[in-house]
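Descriptive analysis of the structure
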Amino acid sequence: MKRLLACCVLLGLWPCVAGAASPTAFPSKSIRFILQHAPGGYGDITARLIARKMSDSMGQQVVVDNRPSAGAIVAANIVAKSEADGYTMLLTGSGTAVSASLFKSLPYDVLKDFAQVSTMGFTEIVVLTGAESKFSSLGEVLAFARQNPGKLNIGCNNMGSTQHLAAELFKSMAGIDAQIVPFKSFSGLLTALRSGEIHVAFEYVAPVVQLIKSNTIRALAIGAKERFNGLPNVPTATEGGVAGYQASSWNGVSVPAKTPRAVIDRLYREIAAAVAQPDLQQRLRELGIEPRAYTPEQTRELMISDIAKWKAVIEKANIPRQ
C-alpha cells in the first residue's frame, strides 16, 4: 500500500485515490437531480423539498432539472448514460415500473442500468365520486356494477398511467364488468366526475386531498393497507368490499448502476435524514404524501415487485404494449 501511495503521489494521482477511498470526500460539487415530470406535480414538489434539505446538509447544491417526456424515457436515458459517480440522480418510482412493463423496448434496462437509492414519498390511489353522486360507499358502487354489467364508467388519467392500471386491477379483483374512460388531463377528469359523465374516478390522493376536504368531490375508498392519516374517515378498499386491493404511487431516487456503494449509502443517509425532519413530514402530509425512506435494498425489491405487478395487470387487461 505504501508503494502504491508513493507511486500515486509521484504520478499526481493522490487526490483521486483519496477521493475514492474516503466517502466523506463526496460531494465536492453540485449534484444534478433529473426529474421526468414537469414542475408543479407531487413528484416535483417532493423532489424539490428533499433537494433543499440535502443541499443544506451536504454543503453542495442539489439542482433540480425537469425533463418531462412520455414514459419518463428522456430523463432516465440521461441518467443511465451519465458518469456513475453520484453527481447525477434520477427521480424514479412507480411510473418507472409501469414504463418497464408497458413499453416493448427502452433504451435502458430499469433493473440493470440503475441502482436504487431510496424512496421519498408515497401517495395512495383513491376512489372518487362526485359530491352529488348517488354513491355514498364503495359497496354501493360494487352493487351497481354487478346489477348493471358494463354500465359503470370509471375515469382515469391517460391510458397506460398508474391510475389506469390501478382501475384495471380494481376491476379484476372486484370481479366486475365496467368501462374505463381515460382523460388527457386532470381538469377533464374532474369535470366529467362532477357532471356525472363518469361514475367514479381513480386518482392519487395528493392532487385531490384538498378537493375532498372541501367537499368538492367525495372519496369512497383508499387503495392502501391502512387508512390515510390525512383522510381518517375514508375507508380502505378492503373495508369497502375488495379484499387485499392496494395501489399506490411512490417516488424515490436512483443513480447509474456502477455508482460506488459508499456514495449510494451517503445519498441514502441524506435522503433518510431529510425525510425524518418534522417540518418536511408535515408539509408532505398536508399535500397527501406519506414520507418514507426505504433502504437501497428495500427500494430495489419494491421496484421489482411493482414491475411484476403492473406487467400482470397489463397482460390480463390486454392493454397494448407501446
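Bear in mind the structure is a predicted one, so any value in this text is a computation, not a measurement.

Our next topic: helix α13 (residues 296-316). For α13, built from 21 residues, the straight-helix expectation of 30 Å at 1.5 Å per residue is met to within 8% by its first-to-last C-alpha distance of 31 Å. Within α13, the full set of buried residues consists of P296, T299, L302, M303, D306, I307, W310, V313 and I314. Projected down its long axis, α13 shows its buried positions confined to an angular sector of 140°, all on one face. Of the exposed residues in α13, those oriented more than 90 degrees away from the buried face are E301, E315 and K316. Considering only its buried residues, α13 is in contact with β3 (88-93), α5 (94-102), β4 (114-130), α7 (162-174), β9 (248-256) and α11 (261-275).

Turning our eyes to something else, we now look at empty space enclosed by the protein. If you walk through the whole model with that rule in mind, you get two cavities of 30 Å³ or more. Here the second largest cavity defines a volume of roughly 40 Å³. In terms of lining residues, the second largest cavity is bounded by L128, F186, L189, L190, L193, A201, E203, V208 and I217. At the level of elements, α8 (186-195) and β7 (200-204) are the ones that each hand at least two residues to the lining of the second largest cavity. Tallying contributions element by element places α8 first for the lining of the second largest cavity, with four residues. In terms of residue class, the lining of the second largest cavity is built from eight nonpolar, no polar and one charged.

Where α5 meets α13, the axes come as close as 8 Å, and the angle between the chain directions of the two elements is 50°. The orientation of α5 with respect to α13, classified from their angle, is oblique. When you trace α5 past α13, the crossing you get is right-handed. Contacts between α5 and α13 involve S94, T96, A97, V98, A100, S101 and L102 from the first element and M303, D306, I307, W310, K311 and I314 from the second. Looking at side-chain class alone, the contact of α5 with α13 contains eight nonpolar, three polar and two charged residues.

Let us look at the layout of surface pockets. Each pocket or cavity is described by its volume, and for the largest pocket that value is around 940 Å³. If you trace the largest pocket, you find 38 residues lining it, with H37, N158, S161, Q163 and Y204 closest to the centre. Elements with a contribution of two residues or more to the lining of the largest pocket: α3 (42-58), β3, α5, α7, β7 and β9. In terms of residue count, α5 provides more of the lining of the largest pocket than any other element does, six residues in total. In the lining of the largest pocket, the residues fall into 13 nonpolar, 23 polar and two charged. When its volume is computed, the second largest pocket comes out at roughly 490 Å³. Lining the second largest pocket we find 21 residues, and of these F122, E124, A224, K225 and R292 sit closest to its centre. For the lining of the second largest pocket, the secondary-structure elements that each account for two or more residues are β4, β9 and α13. Considering every element that reaches the lining of the second largest pocket, the biggest residue donor is α13, with four residues. Across the lining of the second largest pocket, the residue classes tally to eight nonpolar, five polar and eight charged.

What counts as what
- Residues numbered from 1 in each chain as written.
- Predicted model: local features only at pLDDT ≥ 70, side-chain atom pairs only at ≥ 80, totals over all residues.
- Heavy atoms only, no water.
- Helix = DSSP H or I, 4+ residues; strand = E, 2+ residues; numbered from the N terminus.
- Expected span 1.5 Å × (residues − 1).
- Buried < 20%, exposed > 50% of the residue type's maximum accessible area, 1.4 Å probe, protein only.
- Arc of directions from axis to C-beta.
- Contact = heavy atoms within 4.5 Å.
- 1 Å grid on protein atoms, 1.4 Å probe; cavity = no way out; pocket = protein on both sides within 12 Å on 5 of 7 lines; lining within 4 Å.
- Points joined across faces, edges and corners; volume = space filled by probe spheres on them.
- Nonpolar A, V, L, I, M, F, W, Y, C, P; charged D, E, K, R; others polar.
- Axes fitted to C-alpha atoms, helices over the stretch in contact; angles between N-to-C directions.
- Parallel < 35°, antiparallel > 145°, perpendicular 65-115°, else oblique.
- Left-handed = near helix turned anticlockwise from the far one by under 90°.

Note that all results are geometric; they support no functional claim without further evidence.
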